[in-house]
Amino acid sequence: MSQDSAKRLAAESALQYLVPGEVLGVGTGSTVNFFIDALAPRKSEIPAAISSSLASTERLKAIGIPVVDLNEVDGISIYVDGADEADAGLNLIKGGGAALTREKIVAAASQRFICIADRSKRVDVLGAFPLPVEVIPMARRLVARKLAAIGSRPVWREGVVTDNGNHILDVHGLQISDPPALESTINQIAGVVTVGLFAHRGADVLLLGHADGVDRIE
Ligand code: 5RP
C-alpha cells in the first residue's frame, strides 16, 4: 500500500469522531487534505470549522464548510490534524508544513485532538525528523546559536515564511527522550514563537493507517 493510501485510511477513520452540530478544528498537510475530502459528503453536519492554515481554509471553503475565527467560539470539541512523528506517549513532532503555531493554538483550544498519520510516522524516540521551530525573523540567528548550544544542529528553512510572517529553523540531531522538558526549554528561548513539539498538549487519539487497516492508540 502506498503512503498516500495509508494516510487516506487514517483520515477516513477520523470521521467516526465528528460531533454533528459542533465547530470542528482542522489542521494542515496532505493527510488532513484527505480528511477534508472525506468530510465533503458530511459537510451539512459541520456548522463551521477553525482552520490552522490559509491552505486548509481554502480547501474547507471549497467544499462549502464556513471557516470562522477562533475568537468567535468558546471552544472546539474535536481537532483533527496530522504529524511528522508520534511516539507511544502520543507526543508529536509537527510543523513540516510550517503551520505549527496555529496548529498548537487550535490544539490547545480543543477538548480532543485526533491525530491522523500513516504508520511510518510512529517512532520509538522523537527526533529523526528535524524539529521545526518558528522564530521571529530578527531572532533567527540568536535562536540558532542557543539551539546549537544544547547540542543540536538548526538549519534555516530558507525561502519559507509562515502564515504569521515568521521564519522556521529545522533542528537536526535530536533524540528526544523527555519531550515535555525539551518543549519547555525551547519555549524559553527569546525569539521562539513556537516549537513543533506537542508534548504538554499531545494527541488524545492516534490513528495510524497501514495496509491492514488503522491502528488506534490512546
Ligand atoms: C504541518 C504539519 C503536518 O501535520 C505534518 O507536517 C504532517 O504532514 P503530512 O500529513 O503531509 O504528512 O504539522 O505543519
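Criteria and cut-off values
Residues numbered from 1 in each chain as written. Predicted model: local features only at pLDDT ≥ 70, side-chain atom pairs only at ≥ 80, totals over all residues. Heavy atoms only, no water. Buried < 20%, exposed > 50% of the residue type's maximum accessible area, 1.4 Å probe, protein only. Helix = DSSP H or I, 4+ residues; strand = E, 2+ residues; numbered from the N terminus. Pairing = 2+ DSSP bridges. Contact = heavy atoms within 4.5 Å. Polar contact = N/O pair within 3.5 Å; in protein donor to acceptor, adjacent residues only side chain to side chain. Near = heavy atom within 4 Å. Areas by Shrake-Rupley, 256 points an atom, 1.4 Å probe, with all protein chains shown as cover. Nonpolar A, V, L, I, M, F, W, Y, C, P; charged D, E, K, R; others polar. 1 Å grid on protein atoms, 1.4 Å probe; cavity = no way out; pocket = protein on both sides within 12 Å on 5 of 7 lines; lining within 4 Å. Points joined across faces, edges and corners; volume = space filled by probe spheres on them.

(A) Fine view of the pairing of strand S12 (residues 205-210). The buried count for S12 comes to six of six residues, which makes it a mostly enclosed element. Residue alternation in S12 divides its side chains into two sets, Val205, Leu207 and Gly209 and Leu206, Leu208 and His210, and both sets are buried. Relative to S12, strand S6 (residues 110-118) is paired through five bridges, and the arrangement is parallel. Within S12, the residue paired with Asp118 across the bridge is Gly209. Pairing of S12 with strand S13 (residues 213-217), which is carried by five bridges, proceeds in the antiparallel orientation. When the sheet's bridge partners are listed, Leu206 is paired in S13 with Ile217. Between the antiparallel neighbours S12 and S13 lie two residues.

(B) Spatial organisation of the environment of Arg140. Relative to the helices and strands, Arg140 is located in helix H5 (residues 140-149). The buried category is assigned to Arg140, whose relative accessible area is 17%. On a C-alpha basis, the gap between Arg140 and Val23 in space is 36 Å, while along the polypeptide they are 117 residues apart. Setting aside its immediate chain neighbours within four residues, Arg140 contacts Val135, Trp156, His167 and Leu169. At a separation of 3.5 Å, a polar atom in the side chain of Arg140 contacts the side chain of His167.

(C) Molecular detail of unusual backbone geometry. Although it is not a glycine, Leu90 adopts a positive phi angle of roughly 65°. Along the polypeptide, Leu90 turns up in the loop between strand S4 (85-86) and strand S5 (92-93). Residues other than glycine seldom take positive phi values, yet Ala98 does so here, at roughly 70°. Structurally, the position occupied by Ala98 is in the loop between S5 and helix H4 (100-108).

(D) Examining the site of the ligand more closely. Around the ligand sit 17 residues, and of these Ser30, Thr31, Asp84, Gly95 and Lys121 come closest. With respect to the ligand, the side chain of Lys7 contributes an N or O atom lying 3.1 Å from an oxygen atom. Ala99 has a polar backbone atom sitting 3.2 Å from an oxygen atom of the ligand. About the coverage of the ligand: the protein hides 91% of its 370 Å² of free accessible area. Here the residues of the shell around the ligand sort into three nonpolar, eight polar and six charged.

(E) Representation of empty space enclosed by the protein within the structure. Here the structure, examined in full by the defined rule, presents two cavities of 30 Å³ or more. In this structure, the largest cavity occupies an estimated 40 Å³ of space. Together, Leu18, Val19, Glu22, Val23, Leu24, Ile46, Ser77 and Ile78 line the largest cavity. For the lining of the largest cavity, the residue count by class is six nonpolar, one polar and one charged. Quantified by volume, the second largest cavity comes out at close to 30 Å³. For the lining of the second largest cavity, the class distribution of residues is two nonpolar, four polar and three charged.

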